[in-house]
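# Structural description and commentary
Listed below, chain by chain, are the residues.
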Number of protein chains: 2
Amino acid sequence: MAHEIITSVQNPLVKRLHQLLDKKGREEQGRYLVEGAHLVEEALNSGAEVTTILYDQERSLDPACQRALANHPQATQVIAASAAVLAKLSETKSPQGIVAAVKKTASQWDEWVDKLSAKENALLLFLDEIQDPGNLGTILRTAEAAGVDGVVLGKGSVDIYNGKVVRATMGAMFRLPVFSRELAATANEWKQQGGRVLVSSLAQDSVSYDQANYCGKIALVIGNEGRGVSKEMLACADQLVHIPLYGKAESLNAAVAAGIFVYEAQRNRRQ
Amino acid sequence: MAHEIITSVQNPLVKRLHQLLDKKGREEQGRYLVEGAHLVEEALNSGAEVTTILYDQERSLDPACQRALANHPQATQVIAASAAVLAKLSETKSPQGIVAAVKKTASQWDEWVDKLSAKENALLLFLDEIQDPGNLGTILRTAEAAGVDGVVLGKGSVDIYNGKVVRATMGAMFRLPVFSRELAATANEWKQQGGRVLVSSLAQDSVSYDQANYCGKIALVIGNEGRGVSKEMLACADQLVHIPLYGKAESLNAAVAAGIFVYEAQRNRRQ
């Protein structure tokens, strides 16, 4: 562990890490920022490539993170910094005293989907322009908890490496294969491999979510918070599925809808 | 409609409305702020007592709100104001050009629960210290959509009149009976009236949510985001219920869990 202590927010490393708060900086550096001891620990334990950890010198390095570093040795810079530096790199009201820069991982879709082809009841989640960072992060958290095999993010989705998304995943993003791909093309490819596509939609000919056929290899599609699922994805659908609304609400929150839909698929398939 | 136009953020009415952004001000005035044309329209159409509407003079008053005002005549002050005034009263990044002050409504629990006693399959939701405003609002939105009869908020809950809660409900709070009450006492009262209490808990003796008995009059209990349900509420439980976690996640988001739980209760009871 280095004994250097960074106290200036003008330090070049701090400036470079600060760029990761913006999408442009994340794309240029191929890295993103993770804040808080629990998320840093999860990143290390999941085998993510953690290039740099900055921790508040007054709070010292979290013991769980120390253990995770020892168990997953890699070329991580671990540097103490002042509270002011940590505050500069924080997006939360109460800076948590630790941030890490983590390399983006590019999962190979072709390879992954080939491996998955052996799994008779593979379950994918397709997200069609989810815009709200909290929703995207919560959906990834739910997907991982529900045992979804992988998630495909279409164009127009909020950046998965956005800090709010990362925090809302509660670490699930380190463990869940997530792919950024053109959705309709991927859905059609999935269908050619024997998969079916179930699309969440309030259209008239959609069946209640508890009456749908969830057998075999399936992909569930969740649409944009305001507009729902795109025409292209509706055209791909083997089945349209809706969650009934018994009150006067016009819709459910996208993350809640995704949770009900995914858990019903798993419940149905367990029986 | 008044022809006065408020342009100063120092205007006494603006100052008074600004106090409603804080819990203290809301308690003193017995009112809360609602932002955005859709929510103001919902408030009017649901019969809420809207004391004041301020709208951006450059955008004019939303037509749907005008109709709602005409259909629900009451002593509402409707006043044009400058964009700066609207911005001062806004909690969102893009002020929506309209805010309204709405009187808090005190639903009478005893009266309401007496009426409900005739309903054989009444469904209540008890929220035990939900802290995150987005979660509380989303839960209320989901509860209304799922046909929940009423919601009981225990002590330690985030203020339901907090702006983030109000926005996340998407108007559901105007249509859903919500009571602030001591949870364990209310649960015991509910049990004396023949209701059962199902508590969300990851404790070992809890049954999977899809194996629970949802018959008759029931109350579902959702706990705090970090700590779960309190000991008092665990002691009240007729049944402990959990949503299985198939991945490595330690928990689901509280609003997602509430959605899955409530919709499973309704699905089960429809069969």
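In this text the structure is predicted, and so the values were computed from the model without any measurement.

### Considerations on the interface of chain A and chain B
- The interface of chain A with chain B comprises 32 residues on the first partner and 32 residues on the second.
- Where chain A abuts chain B, roughly 2,700 Å² becomes buried across the two surfaces, and 54% of that area is made up of carbon and sulfur atoms.
- Area buried by chain A at its contact with chain B is led by R141, Y246 and Y263 of chain A, which between them contribute 23% of it.
- For the pair chain A and chain B, the interface holds 20 residue pairs in polar contact (both at pLDDT 80 or more).
- Elements represented by at least two residues in the side of chain A that touches chain B include exactly α7 (133–146) and α11 (254–270) of chain A.
- If you tally residues by element for the side of chain A that touches chain B, the top one is α11 of chain A, at nine residues.

### Some thoughts on the packing of helix α6 (residues 109–116) of chain A against helix α9 (residues 183–192) of chain A
Residues and elements named next belong to chain A.
- Contact geometry of α6 with α9 gives a least axis separation of 12 Å together with a crossing angle of 30°. In terms of orientation, α6 lies roughly parallel with respect to α9. The crossing of α6 and α9 is right-handed. Contacts between α6 and α9 involve W109, D110, V113 and L116 from the former and T186, E189 and W190 from the latter.

### Structural notes on the relation of the copies chain A and chain B
- Mapping chain A onto chain B calls for a rotation angle of 180° and an axial translation of 0.0 Å; the resulting RMSD is 0.0 Å. A rotation of that kind, with that shift, is consistent with a two-fold axis.
- Both copies share a contact surface, since 100% of the interface residues of chain A are interface residues in chain B too.

### Details of unusual backbone geometry
- Despite not being glycine, M170 of chain A shows a phi value in the positive range, around 55°.
- Relative to the helices and strands, M170 of chain A resides in the loop between α8 (163–169) and β8 (178–180).
- For M170 of chain A, a relative accessible area of 40% corresponds to the partly exposed category.
- Look at S60 of chain B: it is not a glycine, yet its phi comes out positive at around 60°.
- Locating S60 of chain B in the fold gives a position in the loop between β3 (50–56) and α4 (63–71).
- By relative accessible area, S60 of chain B is classed as partly exposed at 45%.

### As for helix α4 (residues 63–71) of chain A
Residues and elements named next belong to chain A.
- Those residues of α4 not exposed but buried are A64, C65, A68 and L69. The arc that holds the buried residues of α4, viewed along the axis, is 140°, so those residues lie on one side. Seen from the buried face of α4, the exposed residues on the opposite side, beyond 90 degrees, are P63, R67, A70 and N71.
- Where α4 is buried, its residues contact α3 (37–45), β3 (50–56), β4 (77–81) and β5 (98–103).
- Put simply, D62 is the residue that caps the front of α4, since its side-chain oxygen is 3.0 Å from the backbone nitrogen of A64.

### Side note on the domain arrangement of chain A
Residues and elements named next belong to chain A.
- Here chain A is partitioned into domain 1 (5–103) and domain 2 (109–270).
- Here domain 1 and domain 2 have C-alpha centroids that lie 31 Å from each other.
- Listed by partner, the interface residues are 14 residues for domain 1 and 12 residues for domain 2.
- Summing both sides of the interface, domain 1 and domain 2 together bury roughly 1,100 Å²; the carbon and sulfur share of this comes to 61%.
- Three residues stand out in domain 1 for area buried against domain 2, namely R26, Y32 and L39, and they jointly supply 43% of the buried area on that side.
- A salt bridge links D159 to R26; its shortest N-O distance comes to 2.8 Å.
- Between the two partners, domain 1 and domain 2, sit four residue pairs in polar contact (both at pLDDT 80 or more).

### Remarks on the sheet that holds strand β9 (residues 196–200) of chain A
Residues and elements named next belong to chain A.
- With parallel pairing, the seven strands of this open sheet are ordered in space as β8-β7-β6-β11-β9-β12-β10. Every interior strand has two partners, whereas the edge strands, β8 and β10 (207–208), have only one.
- Bridging between β9 and strand β11 (residues 218–222) involves four bridges; their strand directions are parallel. If you follow V199 over to β11, its bridge partner there is V221.
- Of the strands in this sheet, β6 (123–127), β7 (150–153), β9 and β11 touch α9, which is tilted by about 160° from β6.

Definitions and limits used
Residues numbered from 1 in each chain as written. Chains lettered and ligands numbered in written order. Predicted model: local features only at pLDDT ≥ 70, side-chain atom pairs only at ≥ 80, totals over all residues. Heavy atoms only, no water. Contact = heavy atoms within 4.5 Å. Buried area = accessible area lost by both parts, 1.4 Å probe. Polar contact = N/O pair within 3.5 Å; in protein donor to acceptor, adjacent residues only side chain to side chain. Helix = DSSP H or I, 4+ residues; strand = E, 2+ residues; numbered from the N terminus. Axes fitted to C-alpha atoms, helices over the stretch in contact; angles between N-to-C directions. Parallel < 35°, antiparallel > 145°, perpendicular 65-115°, else oblique. Left-handed = near helix turned anticlockwise from the far one by under 90°. Least-squares fit on C-alpha atoms with pLDDT ≥ 70 in both. Buried < 20%, exposed > 50% of the residue type's maximum accessible area, 1.4 Å probe, protein only. Arc of directions from axis to C-beta. Domains from an automatic or database assignment. Salt bridge = Lys/Arg side-chain N within 4 Å of Asp/Glu carboxyl O. Pairing = 2+ DSSP bridges.

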